[in-house]
Amino acid sequence: MKRSELLLSAILLPLDLAALLVAGISAYYLRFTDIFTSLAPVIFRLPFLAYFRILLVISGVWLVLFVFSGLYNLNQERKLRNEIKKVIMACSLGLVAVVIYIFFFRELFSSRFIVLAAYILAMIYMSLARIIVLAIKRGLYSHGLGLKRIVLIGSGKTAEILLHEFSTNKKLGYEVVKRFDNFGLEEA
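Residues numbered from 1 in each chain as written. Predicted model: local features only at pLDDT ≥ 70, side-chain atom pairs only at ≥ 80, totals over all residues. Heavy atoms only, no water.

**Quick notes on the pairing of strand β2 (residues 174-180)**
As paired strands, strand β1 (residues 148-153) and β2 are joined by 6 bridges and run parallel to one another. Residue pairing in the sheet places arginine 149 in a bridge with glutamate 175 of β2. As a crossover connection, the stretch from β1 through helix α6 (residues 157-168) into β2 is right-handed. (Pairing = 2+ DSSP bridges. Helix = DSSP H or I, 4+ residues; strand = E, 2+ residues; numbered from the N terminus. Right-handed = clockwise from strand over helix to strand, strands pointing away.)

**Focus on the environment of glycine 60**
Among the structural elements, glycine 60 can be located in helix α3 (residues 48-68). Along the chain, glycine 60 and leucine 20 lie 40 residues apart, while their C-alpha atoms are 9.4 Å from each other.

**Digging into the environment of phenylalanine 166**
Here phenylalanine 166 shows up in helix α6. For phenylalanine 166, a relative accessible area of 13% gives the class buried. For phenylalanine 166 and valine 176, which are 10 residues apart along the polypeptide, the C-alpha to C-alpha distance reads 6.9 Å. Excluding residues within four positions of it along the chain, phenylalanine 166 makes contact with Ile150, Leu172, Tyr174 and Val176. (Buried < 20%, exposed > 50% of the residue type's maximum accessible area, 1.4 Å probe, protein only. Contact = heavy atoms within 4.5 Å.)

As structure tokens, then:
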């Protein structure tokens, strides 16, 4: 694995933590806006500091769930559609964990709005973080940085198409360093 890929993968964990914290804080303050308090009056008084402590614990639990959900696998090609699907599934798993905890222990707080808003905002913020990381990765590829060096074997039309595609579209992340007609040692 290239260092640039390793660095970008390592950045995802703190980015996700930041996205979860920002989502939780946004949901908390969103609940107290005039629009939402006019729709449903606030019937709880959870001070922000107490809420933030709960948010830190929940964010830590969610990150553990994200690890087990495969969001940080290093040996995978990261396609945006697949990344966003994984984010949605992992956040949904985290929401289920929070709902189960609230159901059995009733210790957190009674604002369903904050739970739902934080869940939706977490998916949005984490997806945005992944979009940014993938854009950076593609930008590095287009400048020739972090490309995977490959050997192309084949002499047919498919090999020509692949060679052309890898040579002209650096954003794919591949650089053909050698080409062989077949599995022998004859170069094309």
